[in-house]
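Structural description and commentary
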Amino acid sequence: MSNANRKEITGLNRMTPKGLKELCKKDKLYQTPRLNDVLYLHYQGFQCIESLEEYTELKCLWLECNAISEIQGLETLSKLKCLFLQNNLITKIENLDPCRELDTLNLSSNHIRKIQNIGTNVLPVLNTLTIASNYLKDSESLLDLIQCKTLSVLDLSNNRIDDILIVKIFEQMLNLKVLVLQGNPVVSRLPQYRKTLILACKELTYLDSRPVFPRDRACAEAWKRDGYEGERKENNRWNRAERRKTRESVNCTIRMRNSHRPPDQHVPLLRSSDSEDDTCAETARKKVELENGCVEDLWEEVSGEQPISQHGTSSSSSLEDNDGTSSQDDLIAEKLSNRRTLEGRPAVLCETKLKMRIAIIGQSNFAADVLELLLDRPNIQIVGVFTIPDRGSREDILATTAIIHNIPVFKFACWRRKGVALPEVLEQYKSVGATLNVLPFCSQFIPMEVIDGALLGSICYHPSILPRHRGASAISWTLIEGDEVAGFSIFWADDGLDTGPLLLTRQTNLEPTDTLDTIYKRFLYPEGVKAMGVAVDMVASGVAPKIIQAEVGATYDPAMFKTENQVINLQATAEKIWNFVRGLDSVPGAIATVLHENGTEEQIRLFGAHLYSAGPVSNGKALRLRGLTKTAWIHSGGLLIEGTDGVFVNIRRIKRDTKVINASEWFKQAEDQSITDFSEDELVKRSLVAGIWKAILKEDVDSSTDFFASGAGSMDVVRLVEEVKETFDVPLQNEQVFMAPVFEEFFSLLVRFLRQGSACSDDQQLNFQAFTLKANKREIRVPTQLFINGEFVDSDSQRTLEIVNPTNEEVICKVACASATDVDKAVQAAHSAFYGSWRQITPRQRGQLMLNLADLMERNKEELATIESVDSGAVYTLALKTHVGMSIEAWRYFAGWCDKIQGNTIPVNPARPNNVLTFTRKEPIGVCGLITPWNYPLMMLSWKMAACIAAGNTCLIKPAQTCPLTALKFAELTVRAGFPPGVINVLPGKGSDAGQAVADHELVRKLGFTGSTPIGKHIMKSCADSNLKKCSLELGGKSPLIIFADCDMDKAVRHGMSSVFFNKGENCIAAGRLFVEDRIHDEFIRRVLKDLRTMTIGDPLDRSTAHGPQNHKAHFDKLLEFCRRGVDEGAKLVYGGCRVPHLKGYFFTPTVFTNVTDDMFIAQEESFGPIMIISKFNGSDVDSLMQRANRTEYGLASGVFTKDIGKALNFADRIEAGTVFVNLYNKTDVAAPFGGFKQSGYGKDLGQEALNEYLKTKCVTVEY
């Protein structure tokens, strides 16, 4: 506390009587200080203890919830008895020597890691110490407690103590009476810790939140001496002593009352059967348990009640409390005779050791799983299985399972005729001699002669909570009626329809996402199988109840397998429509009728319903349904139906004839093209798929075989999906079987999945408008339309762009020019794919798709390089190696990252006593817009898009309007590689239209841009104004290259020329200014000019060409103006600066300027062409040189040539650029991050850092 606070402290913070009482109560002081002895400085924000000289008589000081980090300033407080420093920042216990009378010390919620300086020699009368919620960990941190001879109360709760050796410390604290350790790991690691501590601390009277009674200490000592058996005996001894004490007290009262009564009215005294022979008592206890067969426990599990005897006493009461005149055998006999007889419990199996003989009657996988479960019971014998006949060659799975286990199988088409049981059927049934019939799932009518034919009767499974929803369609009606809970019952069969007495029931809450399928798979099937096993066990143990069903609330529901009951009533509320559809999903489906405009009608079935709350839809198309007064709407998410309450229901899937389609595709005119170009490997897989179908359907399979028309049911769908997934490792779902029920359709669907894991045939042709490029001895078909949602389409505006060959200035072709409307379509497609098909693909499959694409690019690299050369003027050899080669490397590199994107777990401070798990997830951003330049059309696309796709995003790219052809050819390859529609979209167009629309679109969450700095600034502003989208910018540069005199001259000349003239100077990291040391300046220029005079300039497709044409005319004219301005400002033009003579096309002569000063335009601005700007420097003034190199708003790249590693590292340390080259230039790699500083942009391409540009981090915290 500083001196500035002294006046405020004096007399101002004395306690009130009420406040003192509350504080003492909160801190559990065993002595309450007097009011005038207390100074309370709570929540004052003090960082240290000062200026307390006038408080020499102070007895109690409260400094709770400040920011004190050290204990000091207590020199004058020699009479202090209580010090409260909880909730501060103290890390060390020290400087308490003056406080010799300190009795109570509270240091809770600080940062203390070790107890020290509080021994008897320092604090001789310390009685109470609280160091809860600190960082104490092991016995070493507590070792000084041994010195606290006077300590009787110790609170160490909620630390990190996990060392059981602390017991040895407490053993030496002879006066310790109260010990609190709860909230430390040692408590959970050592379950017997309480007994251990009671034994260690002889004076302990209170441990954690419970007192330590003499009985606790006695039991602990018995446990130490004789183990758990000794502890049990000691507990019994104390129980007997307590009962004896109670009995003596009661007998004393009886004697007193008897003294006032005639002898014939005396009440007998209570007598005891307590025996000191614990062995006899234990024997009696085990005998009773054996004779009872633990029936009470089973009854409690079934009914939730405690069984009681006929006298109303608990059946588990102690034998020791009975009349002492009875022998142990008499007591056991009496207990057995007093057991409650459960109503309906058969006694047969309690009196025999024979196995129970079970007949299983039913069908389906459910019954087969029950059979498998019961086969594991040693006290059960399955004597027969009765099921339905084969359907053609298809045998029911129950029969197949029984045959595998050598169980007799009987197949009956019916059990009775005209209400009379068939004699031959009864005879075969009786031949197995069953004592119990089990009906897991049975669709046949079983006569009462069979139901009652087993000695113990018949138990049946029913998928509802009886008596509600009796009948064959119970699951459906549970959903249709909007019940909040679903469940099943197992009951004793009688002659009614699901009316027999209940044996057990189970239930679960219905979720809004539940359908008939999901509730069956989630609960009714797995829990039903287990419950059937429990029910049989109860019958075998003789404890199966028979609980009569109540008639109140009973319902009998119509069978939904009748077509007339499946028709949906559309004149109902949205909730009722939704419940009806999900009650029939996915079999058989709710029936509705479409009224076509030509007057015809079409019956459809509805699936995948949910209540719709996403607001108005755009671009919806009207659809008329019979019985619906309002129009239904087909939209991108399905079919919207409005209920009578004005709320909408959305239907995701519709069944037309035998095929299920997405409801959104109802008006789709062009059907998906069937796949006919199967590879040899795919034909082999076709045979495997046909074998799976044949095994399920039990019949031969051809291309027209219909899965459901051949008799397959819902469980067959499950089996088909699981076997195909296991065989081919594809993400197949049940719904997709319904969408492709015919074998040829199903196999085509499977091939599409497989081609997402391996590139499809090169011969596959896509439908698009194209021109044929005849160049480089090739004929290459190049698309000329926009690529949106997996298809090549014309522009909405019908506008086109003329693509000019820079080599001859002739128009190559015209391509579609995207408008803002086209951009919106592409964004919507990417958005739908991101939340749809793309999300279903696993990261590893995503990586495989990228590898497929890279393989296709590899196989077509000559075509891609040819297009790049013709379209952008790149030299063919360079295009092949760099433009295309590095693009392939980028896709392969980022493909490897797909399944390695992960978050972290983070240790955080939990709110004790609970624990907290905090972890991060790296997630894709969503739809990303990419805008790329014209200097490396394919490579810039790949640098950005590969990272974007690897992170799990979808994207649309606007390539440069002057050279979009390689991007369009790339789009074709993405389809052949297996990318789902909408994941990648390519839109050639103008930056002012399409590019601006991408930046402005609110569904685009990330924008990656490479281009000039002025346009980058405009892009950044648009990103902020639209939806504050994340953006990364790779912009202009004026990269300095410094060449010292001690360099390798040959290497410096070679790389110096490459730094400027590589790719015709159209290179973002080109050396925009060379600084050459004066000692080698002239020689360097001489060598450069010599090499330039021998440089081959001409047709980029010629293998000997080293320098091709500039990309387009506007850029060519800009270079001419750049050179003119340099000459006008006084720079010396020593070579070039003009068009290459005698050549048609945008051929610009490589140019060299010398004597360039820092104030000239050409020294400050980027030319983005083959123009070398050379300035001279003196090697004695490196500091000035670095200032000149950094005197620019750009910071993309830089380079230095020197043999002195010190100079090189000094340069790398001081230069302000995102990339530094030492003794080389233009060496980039897909694994190394690439990006600039200052007005050269921000964000990175390539390397792991590029992934973070396309990811967002989510933090998840879970308390448990």
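The following refers to the structure shown. All figures in this text were calculated on a predicted structure; none of them were measured in a lab. (Residues numbered from 1 in each chain as written. Predicted model: local features only at pLDDT ≥ 70, side-chain atom pairs only at ≥ 80, totals over all residues. Heavy atoms only, no water.)

**Here we look at the overall build of the protein chain**
A tally of helices and strands in the protein chain yields 36 helices and 49 strands. Long-range contacts, defined here as pairs at least 24 residues apart, represent 65% of the contacts in the protein chain between residues at least 6 apart. Of the accessible surface of the protein chain, which amounts to about 58,200 Å², a share of 50% is contributed by carbon and sulfur atoms. (Helix = DSSP H or I, 4+ residues; strand = E, 2+ residues; numbered from the N terminus. Contact = heavy atoms within 4.5 Å. Areas by Shrake-Rupley, 256 points an atom, 1.4 Å probe, with all protein chains shown as cover.)

**Considering the pattern of salt bridges**
Applying the stated rule across the entire model yields 49 salt bridges. Among the salt bridges present, the one from aspartate 483 reaches arginine 468, with a minimum N-O distance of 3.0 Å. Here aspartate 483, found in the loop between helix H14 (474–480) and strand E17 (485–492), pairs with arginine 468, found in the loop between strand E16 (458–462) and H14; they are 15 residues apart in sequence, far enough to count as distant. Here aspartate 483 falls in the buried class, since its relative accessible area comes to 14%. The shortest N-O distance in the salt bridge between aspartate 585 and arginine 653 comes to 3.9 Å. Separated by 68 residues along the polypeptide, aspartate 585 in the loop between helix H16 (574–583) and strand E19 (590–595) and arginine 653 in strand E24 (residues 648–656) bring together distant segments of the chain. Arginine 653 matches aspartate 585 in its accessibility class, with the two residues each being buried. Each of Asp855, Glu858, Lys861 and Arg892 takes part in one network of salt bridges that share partners. (Salt bridge = Lys/Arg side-chain N within 4 Å of Asp/Glu carboxyl O. Buried < 20%, exposed > 50% of the residue type's maximum accessible area, 1.4 Å probe, protein only.)

**Concerning the packing of aromatic side chains**
This model, assessed by the stated rule, comprises 28 aromatic pairs. Measuring from centroid to centroid gives 5.7 Å for phenylalanine 488 and phenylalanine 523, while their planes differ by 35 degrees, and the two rings are tilted. In this pair, phenylalanine 488 sits in strand E17 while phenylalanine 523 sits in helix H15 (residues 516–541), placing the two residues 35 residues apart along the sequence. This pair shows no difference in class: phenylalanine 488 is buried, exactly as phenylalanine 523 is. An aromatic cluster is defined as three or more aromatic residues linked by ring pairs; in this entry it consists of Phe366, Tyr461, Phe488, Tyr520, Phe523 and Tyr525. Sitting above the plane of the tyrosine 1254 ring, lysine 1006 keeps its charged end 3.8 Å from the centroid. (Phe/Tyr/Trp six-rings, centres within 6.5 Å; stacked < 30°, edge-to-face > 60°. Lys NZ or Arg CZ within 6 Å of the ring centre and 35° of its normal.)

**A few points about unusual backbone geometry**
Look at the link from leucine 466 to proline 467: it is a cis peptide, with omega at 15 degrees. Tracing the chain through its elements places proline 467 in the loop between E16 and H14. Of note in the backbone geometry, asparagine 158 takes a positive phi value of approximately 55 degrees without being a glycine. With respect to the helices and strands, asparagine 158 occurs in the loop between strand E6 (153–155) and helix H3 (166–171). On the basis of relative accessibility, which here comes to 22%, the residue asparagine 158 falls in the partly exposed class.

**Focus: helix H25 (residues 876–895)**
Between the first and last C-alpha of H25 there are 27 Å, a value that for 20 residues agrees with the 28 Å anticipated at 1.5 Å per step. Maximal helix bending in H25 amounts to about 35 degrees, located at glycine 885. The element H25 is extensively covered by neighbouring structure, given that 14 of its 20 residues are classed as buried. (Expected span 1.5 Å × (residues − 1). Bend = angle between axes of the 7 residues up to and from the residue.)

**A look at the sheet that holds strand E49 (residues 1255–1263)**
The sheet built from three strands is open, its strands ordered E32-E33-E49 with antiparallel pairing. Each edge of the open sheet is held by one strand with a lone partner, namely strand E32 (905–906) and E49. Bridge analysis of strand E33 (residues 916–924) against E49 gives nine bridges, and the strand direction is antiparallel. Of the residues in E49, the one forming a bridge with lysine 922 is threonine 1257. (Pairing = 2+ DSSP bridges.)

**A closer look at the side chain of arginine 1073**
Position of arginine 1073 relative to the elements: it lies in strand E40 (residues 1071–1077). A distance of 2.9 Å separates polar atoms of two side chains, one belonging to arginine 1073 and the other to serine 1175. Leaving out residues up to four positions away in the same chain, arginine 1073 has contacts with Ser1039, Pro1040, Leu1041, Val1156, Thr1157, Asp1158, Ala1163, Ile1173, Ser1175 and Arg1188. (Polar contact = N/O pair within 3.5 Å; in protein donor to acceptor, adjacent residues only side chain to side chain.)

**Points about a positive patch on the surface**
Taken together, the side chains of Arg113, Lys137, Arg160 and Arg912 present a region of like positive charge at the surface. Counting through the fold element by element, arginine 113 comes out in the loop between strand E4 (104–106) and strand E5 (128–130). (Patch = residues over 30% accessible without salt bridge, like charges linked within 9 Å, V, L, I, M, F, W, Y side chains within 5 Å. Lys, Arg positive; Asp, Glu negative; His and termini not counted. Charge placed at Lys NZ, Arg CZ, Asp CG, Glu CD.)

**Structural notes on the packing of helix H24 (residues 861–872) against H25**
Between two packed helices, what matters for the description is the angle formed by their axes and the separation of those axes. Between H24 and H25, the least distance of the axes is 9 Å, while the angle of their chain directions is 120 degrees. As summarised for this structure, H24 and H25 are arranged oblique, according to the angle between their axes. Every pair of crossing elements has a handedness; the one defined by H24 and H25 is right-handed. In this structure, H24 uses Lys861, Glu862, Leu864, Ala865, Thr866, Glu868 and Ser869 to contact H25, whose residues at the interface are Tyr876, Ala879, Leu880, His883, Val884 and Ile888. (Axes fitted to C-alpha atoms, helices over the stretch in contact; angles between N-to-C directions. Parallel < 35°, antiparallel > 145°, perpendicular 65-115°, else oblique. Left-handed = near helix turned anticlockwise from the far one by under 90°.)

**Here's the deal with the environment of phenylalanine 738**
Examined against the element boundaries, phenylalanine 738 turns out to sit in helix H19 (residues 734–739). Residues phenylalanine 738 and lysine 659, 79 residues apart in the sequence, show an inter-C-alpha distance of 6.3 Å. With residues up to four places along the chain from it excluded, the contact list for phenylalanine 738 reads Ser586, Val587, Thr658, Lys659, Val660, Phe708 and Val717.

**Focus on the pairing of strand E15 (residues 436–439)**
Alternating positions in E15 separate into two faces, Leu436 and Val438 on one and Asn437 and Leu439 on the other, with burial throughout. Note: strand E10 (residues 356–361) against E15, three bridges, orientation parallel. Paired with alanine 359 across the two strands is asparagine 437, which belongs to E15.

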